[in-house]
Each structure stands twice: as structure tokens, then as C-alpha cells.
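Descriptive analysis of the structure
Listed here are the chains, written in short residue letters.
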Amino acid sequence: MSNTLAVVLGVYLTVILGISIWSALRTKTEEDFIAAGRTIGPFVGGAVLAATQISAGTVVGTVGRHYLTGVSWWFIWLGVWAGWLVSAFFVAPKLRRFGALTVPDYIAARFDSETARALAAILIVVSYTVYLVAQFQASGEIARVVFGMKPLTAMLIIVSSTALYTLLGGVRSSSYIEFLQTLIMVAGLGLAVPVLLSHAGGFSQAVSFLRSLDGRLLGWYYGPKELLAFGAAFSLSIAAAPYEMTRFYSMRDERTVKQAIAVAIGFQFLIGVSVLAIGLLTRVLFPNLPSPDQASSVMAFEVLPPLVGALLIVAMVSAIMSTVNSILLVTGASVAHDLYGRFLRPDASESHLVMVNRIAIVVLAFIPVYFALQEFGDVQAIVVEQAKFIASFFFVPVVIGLNWRGGTASGAVASMVGGFGACLAWELTGQRGFASHGIDAVEVGVVTSLILFLVVSRYTRRVPERNLRIFFPGSESVGEESRPPGPS
Amino acid sequence: MIGVLGLTVAGIAAATQLMTVAVDVTIDSGRAVVDASYRFEGPIDSVRLVLIKLRGQSVRMLSTEWTLRESAGLFEFGVAGAASSLPLHVRYEINGAVDRVPLFVPSIATDPGTSRVEIRVVGAGDFSVKDGFPRFRNDGRGGLVARPDNVPSLILLPPRGSLSINRLADAMVALLVAFGTAIWLARNWRRRAMSTSTSIPTPSPNRTP
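Residues numbered from 1 in each chain as written. Chains lettered and ligands numbered in written order. Predicted model: local features only at pLDDT ≥ 70, side-chain atom pairs only at ≥ 80, totals over all residues.

**Section: the overall build of chain B**
The secondary structure content of chain B amounts to two helices and eleven strands. Secondary structure elements of chain B occur, N-terminal to C-terminal, as α-β-β-β-β-β-β-β-β-β-β-β-α. Across the 209 residues of chain B, 32% fall into the buried class. Nonlocal contacts in chain B, meaning residues at least 24 apart in sequence, comprise 73% of its contacts between residues at least 6 apart. (Helix = DSSP H or I, 4+ residues; strand = E, 2+ residues; numbered from the N terminus. Buried ≥ 20, exposed ≤ 12 C-beta atoms within 10 Å, placed from the backbone. Contact = placed C-beta atoms within 7 Å.)

Here is the structure:
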């Protein structure tokens, strides 16, 4: 197994390096680096969206969650797809038409506010650093089980190799690499299921064992309150996720974006079903692992035949790399394009900004390693946490802001700060009583953000018509002094 | 999230460890005898051991001190009482189809860094080692040995010559890689051919200036 794995990993890393060098030769401007020259088509685009969404949270965390809690966690996917549909119909087309390079670009243009831009950039960097912690922690788990390696060593290898391919070609290289990664994930996960099922002695035997082991595994381990909270965290954050939205910018046009989202949902369905089966079947074969996060690595390393196992380990590593890469592109762009390029050196040349972006990527890649070594929770828990924060400060200014003319700069700033603060405050206080009241931090964060957005927008200076025209081209012009209309 | 998810995780991450597991399986014409020893370390209140129920088999306990409870999908027994170290020995017999042999899995987990799990099989001459689970190798004395990090619910030794799902899955991987590479090469070749034909325009007899 270890020889096969070494060969498969070696071939995979060589291919990645080849694509990165090819992309680097074609990356000349900042638009090339951040948006791949806007040339990505629907199939590659859909695979890219699926790959950025399918992270360590899925191949390590979700497999572990199914291993531990069974079927009910699968309903979270409905939240994920609801988020995608909101994005497809209410967010992506308008953002793609606008043609920004980063999400703070949109915030600044929609609300005519550089303060809102800076705030969005800072919040992106903070919350995605948390997301990176989950990715690095997952890489540590895989390395511990598969290679017997210290987590720190694995994290440093993942960080270095991902930072390298992000640095070389930007979004162009990562798009083609992520296309490849999605195909590997679908193939690896899809082939693993029949092997596990055969080892477990068939479907009915596996079901019978799981039902006797813990009745909740095939029933409702999580109740409706919990599923609603998790689903809300995922759907609201995906609808406005900056790292997904950045990928819309790299696609050819609005039509391509919608087609790509449909392709992404298709890929995710295949992956979601496979991950559910793998989690449950690993529980049949190894009913008591020391950590649920080890389920996918143990399954790949100890159960599957060498080539499929190696492919799946590559799929896991690549899922982590693709997400780390997407996040680094977004956070690097937030620092270089939205903070440095706007506030510190507005006169900086394109090549200078690309260089700053690359330095930011390196620095931001290494910070989460320290936190990942502390192991604050299991991988899926950290992923859900960051989703809650993203939803709490971005859902309202992005989704409502794109579909309601009345949102103002002060409203956007208040909703971002208030949503983030309310989510954090509830997480530290009220979340402990979740079992009794059923109110989750994401619900508190988003509702607070929405109320602040509506109320503050009502009483503050409205956005100039020239900015609104970009996002509401067909709508009737409203006078500078008139009150904004209600949400549409 | 710790409030909602943390509790569920704590259930599986116990401080007590399963330090050593030694399983000896002797297979002999439709019958397998399993001799398994477990040693737990740390503050122990209770341990539950479960055995997966497999089709076409019957289980008979040879250790008389444990009473098995049976449900639809498994057999189980429990040990209760405070202790700082607990050795446990189980001996049982499987009759019927013995290409899969079920093993008792305790509710206390191993620690992959420090625990040791060893499964030895004697009498598996007619079985395919390559397709087995967990990963077995010949021990040089006519038997097989596997050292997984965790205790599996069963060992699988498919008869030699039977259809191997492992080899089928590995072949699928090779096939997919070959197919993907062929598509990629064909696409690139077509693209290159198209760009060559468009870059050197040929005069059309139908076109008038």
C-alpha cells in the first residue's frame, strides 16, 4: 500500500506542478491572477465550485460525522444546496455581471463605502483563518493515520505545496487543478462504496448491525432544531461565501455561472451519497475508532485495495489543498487588493499588487498552523463554526444588498459588525442552553444583521444612484431624497 | 458549536485505553475457533463488547463466564465494576461460512500510538491473502498475521479464485485513468488541429473578394 500510495501521490503532485507552471506562464495581469482572465467554462467551473465546497470538512469531517451520528447528518446537504440555489438565482448573475475582482470590491461599489470594503476584507481574513485551521487539522489526522507522521510536519507540507501552486498561477492554475481534484474525489469515493459494502457482507447485514449497535444511527441522531441550525449555517454562508463568489468572477458569463452551479450540485450529490455510505460502512467494519475524524483515513489505509485507497488518500489531500488554495486566494486578495491597494498604496502597479498578494498568501498560510496544533474541536465542528460567522456578517449585505435598493453604507457596516458580534456573543453565552431553547448562534447572528441592515438603512444617507444602477439596471430610479423601498 | 457537537464527540473519546488485543483464529473445515485477549488500562467502569451477526453462521461461546445477549444485528456482553486495569479473555466458535469471521469489538478504543492489535489466522490455506481484510501477510510459519491500528468487527478471507472486488476496483482505477488521459489527449489534439487549420487560411473557391 505505501509503495502504491507513494507512486500515486508522486504522479499527482507532478501533474499539479505541471499545471501550475503552465498557468504561471499565462498569468500576466492582476485580473489573470484573481479571475483567470474570465475564461472558465461550465463543466470546469462546476467542478471547481464543487471542489472548493468539498473540503476537509467533507472528506474527513462529514465522513466522521456520519460515522459517529449516522444518516441524519445527510440532511445538511439540503441546506448546502438551498444555499447554492439562492446563490444561482439571487447572487451569482448580478455579481458576475458587475465583474468585480473580489467580494469587498462588490461591497465597496454597492454601498459606495471604502469603510465597508475594509471591514469586509478584515472579516474575511479572520473567519477564513478559522476555516484554514479545520483544513490543517484534517491534514494532521490523515498524516497521523496513513504516514505515522507528526501533524505539524503534515501541515507544513500541505501549506508549502498549496501555497506554491497558488503563488504560481493564481485562479487559472487552481481552476484546472480543482477540476482534476473533483474527478479524483468522485472516482475515489464512488469506488470505495462497493468495496466497503462487499467487505461488510452486504446492505441488509450492515443495516441490521448498525441498527442494533445504536438505533439512532439509522434514525434521528440529531433533532429538527439541530438540523435546522446546521442547515441554516451552511445555506446562509454558501449563498454569500466569498471564496465561492470569487470563482463566479472567473467564469465566462452569467449563463456559465448558472450552468456551473447545476454541475456543482450534481457532483456534490454524488459525493454526498458516497460520503454517507462510507461513514456508515466504516462504522460497521471498525465500530469504535478513537476519533470519528480518523474514519476516512482508516478506511482508505486499512480497508480499501491499494490503488483505490491511494486514490482516496490523494482525494482527501487534494480536497484539503483545493480549499486551502481557494481560501488563500480570497484572503490574499483581501489583503493585497482591498486593504493594501486601496488604503496603503493606491498608486501601486498591477505587478506590485500581484507580488503583495503572493506575500500575503505565504503569511496567511502559516498563521492557522499554530491554532490547528491546539485541536479546539473536531474538524466538522470548526467548519460549522466558520460557516456561522460567514453567514452572520455576509448573508445580509450580499444577498439582501443585491436584491434591495434601500440598503445603505451605514446599514451594511452595522449589519456586518452587529451580525458578527451577535453570533460571537451568543456562541459564548446562549449557545450553552441550545438543548432547551433551540436557538443557535447563526440564527441570532443573521437576524441581528438583518434588523440592523433594515433599520440603519432606513435612517441613513442612501447610496448614490450611479452605484445602484450597476446592480439594479432595469429598476426605476428613485430620487436622492426619497425613502428607499422595502425588500423585493 | 461545542455545546451541540462537543458532547457527542466526548462519548467516543474516552480517557481509558484498550492497550493490547491478541486474537488467534483457527479455521478448520467450516469451523473457526477464536481465542481473543484484551487488556484495558485506566479508570474503567464498564465495557461493552459487540460481535457482528453474519449470515450463514452460528456462534457458540466456549468461555463460560460471559453470557451473550442477542439482537437482530449483533451479539453482546458487558463487564461492569471499577478497575484501573482489566484483562479480558473470550473464546468462541463459529460454524458455517467462515470466509468472514466476526470479532468482539470493545466500547473502549485503542490509541494508535501506543496500543497493539495483532490478529493471527491458522488454517487459511484455501483463502486469498491479497483480498483479505484487514491487511494480512504470511507469518512464515504457515499462518497469517495482521496488525491493524484498531479492532475490526470481522476478518475477511475470501476463497481463492472467487471474484475479487478489490482487484475489480483497482482495475477500474487504471481504466478510468487511461480513459481520462485518452480523452484529454484527443481533445488537445483536436484543438491543436483546429488552431493550425484556422491560423493558415486557405483560399476558398466560393469566396469572392
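Having seen it, we continue.
**Considering the environment of A:I470**
Residue and element names in this part refer to chain A. Among the structural elements, I470 can be located in helix α20 (residues 465-471). For the pair formed by I470 and K94, sequence separation is 376 residues and the distance between their alpha carbons is 9.0 Å. Those residues within four positions of I470 in sequence are excluded, and the remaining contacts are F98 and A109.

**Comments concerning the pairing of strand β2 (residues 31-52) of chain B**
Residues and elements named next belong to chain B. Note: strand β1 (residues 17-27) against β2, ten bridges, orientation antiparallel. Following the sheet pairing, L18 is matched in β2 by F40. Two successive antiparallel strands, β1 and β2, enclose a turn made up of three residues, where S29 displays a positive phi of approximately 35°. Sheet topology note: the β2/strand β5 (residues 74-96) ladder contains 19 bridges and is antiparallel. Looking at the pairing, S37 lines up with H89 of β5. Direction of pairing for β2 relative to strand β7 (residues 105-106): antiparallel, over a ladder of two bridges. (Pairing = 2+ DSSP bridges.)

**With respect to helix α10 (residues 224-239) of chain A**
Residues and elements named next belong to chain A. For α10, spanning 16 residues, the distance from its first C-alpha to its last is 22 Å, which sits close to the expected 22 Å at 1.5 Å a residue. In terms of burial, α10 is largely enclosed, as twelve of its 16 residues are buried. Among all positions of α10, only E226, A229, F230, G231, A232, A233, F234, S235, L236, S237, I238 and A239 are buried. (Expected span 1.5 Å × (residues − 1).)

**A look at the pairing of β1(B)**
Across seven bridges, the pairing between β1(B) and strand β8 (residues 116-122) of chain B is parallel. Each bridged residue has a counterpart across the sheet, and for B:V21 the counterpart in β8(B) is B:V117.

**Digging into unusual backbone geometry**
In this structure, B:P134 follows B:F133 across a cis peptide bond, with omega equal to -5°. Relative to the elements of secondary structure, B:P134 occurs in the loop between β8 and β9 (137-138). You will see that A:D112, though not glycine, has its phi angle at about 50°, which is positive. By secondary structure assignment, the location of A:D112 is in the loop between α6 (103-111) and α7 (114-146).

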